[in-house]
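Coordinate analysis (summary)
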Amino acid sequence: MSKKKLGRGLEALIKPVDFKSADRESSSASEDATVNEANINLVFPNRYQPRRHFDQDKLEELRDSIIENGIIQPLIVTEQDGGHYELIAGERRLQAAKLANLKTVPVVVRQATNQQMLQLAIIENVQRENLNPIEEAASYKRLQEEFNYTHGEIATAMGKDRTTISNFLRLLSLQDSIKKLLLQGKISTGHAKVIMQAEPEQREALAATIAQKELSVRASETLVKSSATVVKNKNAQLDFSVAEESLKSIYNAQVKIKGTGSRGKIIFSYQSKSQKEELLKLLSNEK
């Protein structure tokens, strides 16, 4: 699948977009963008919106600002069948506008593929630092699974280091109780990286202690070293990730490696009959 690079992200759809101030409603649409008023009941959230948790107090602050000043930066939408619109960017403004009981909202209509919808939704949130670590990791996972992005391609699209993307994706392997602490902001991504140095069965207790005592990352490192059996090969999962990416490039298929350094299994996944036949040919070295 061709992966279109979106350059500076939302600026590919509307200029200028000031990510630092957009949620404070301080940016304005470009002169060449046509701003229309749309019935608020016809504007629906982005199906690829990565953020699941919205701060109610901040939404109410934005509502008050909208009541006082209106919506200065229009929502960016794509037009759907039946006269409906789907958001590309601006969900906080939409939610706050509903709280303010607005009947219409300003919109700029742009065309975007499903791939662009997801990528732009992630860019908008990540560059504004509105996503928690689990939401950000889940977003990268969707790019990987739904659009066959490699870790390197995600890194390029997001303007981040490849290792950073791999480390985010590793967060999804943590127990649910630890992910909940991340969602609640009781531990940070730095804490999570330290916790992953311990054996899986020890991680929940360590995370609970770190959150309860509000330990710093440095203090958490000391705790892990003194009270847990540190995983002998800290980079085992990361090494698997690199191998998976390499095999994916060679065989053009999703690959999952499970096990240890000496025992395990390699799983290939295919999405169609033709892909299966091509994969079998490659694996059997047929010409």
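Before going into details, it helps to say that this report is about the structure given with it.

Before going further, it helps to examine the packing of helix α4 (residues 133-147) against helix α5 (residues 151-158). One can describe the packing of α4 onto α5 by two numbers: an axis separation of 10 Å at closest approach and a directional angle of 125°. Relative to α5, the element α4 lies oblique. Considering only the axes of α4 and α5, their crossing is right-handed. Across the interface between the two elements, Y140, L143 and Q144 of α4 pack against H151, I154 and M158 of α5. In terms of residue class, the contact of α4 with α5 is made up of 4 nonpolar, 2 polar and no charged.

Under the defined criterion, the tally for this structure stands at 4 salt bridges. Where D64 meets R63, a salt bridge forms, and the shortest distance between an N and an O atom there is 3.1 Å. For D176, the salt bridge is made with K179, and the minimal N-O distance between the two is 3.6 Å. Here D176 pairs with K179, and both are found in helix α7 (residues 176-183), just 3 residues apart, close to one helical turn. Classification of D176 as exposed rests on a relative accessible area of 61%.

The rules behind the values
- Residues numbered from 1 in each chain as written.
- Predicted model: local features only at pLDDT ≥ 70, side-chain atom pairs only at ≥ 80, totals over all residues.
- Heavy atoms only, no water.
- Axes fitted to C-alpha atoms, helices over the stretch in contact; angles between N-to-C directions.
- Helix = DSSP H or I, 4+ residues; strand = E, 2+ residues; numbered from the N terminus.
- Parallel < 35°, antiparallel > 145°, perpendicular 65-115°, else oblique.
- Left-handed = near helix turned anticlockwise from the far one by under 90°.
- Contact = heavy atoms within 4.5 Å.
- Nonpolar A, V, L, I, M, F, W, Y, C, P; charged D, E, K, R; others polar.
- Salt bridge = Lys/Arg side-chain N within 4 Å of Asp/Glu carboxyl O.
- Buried < 20%, exposed > 50% of the residue type's maximum accessible area, 1.4 Å probe, protein only.

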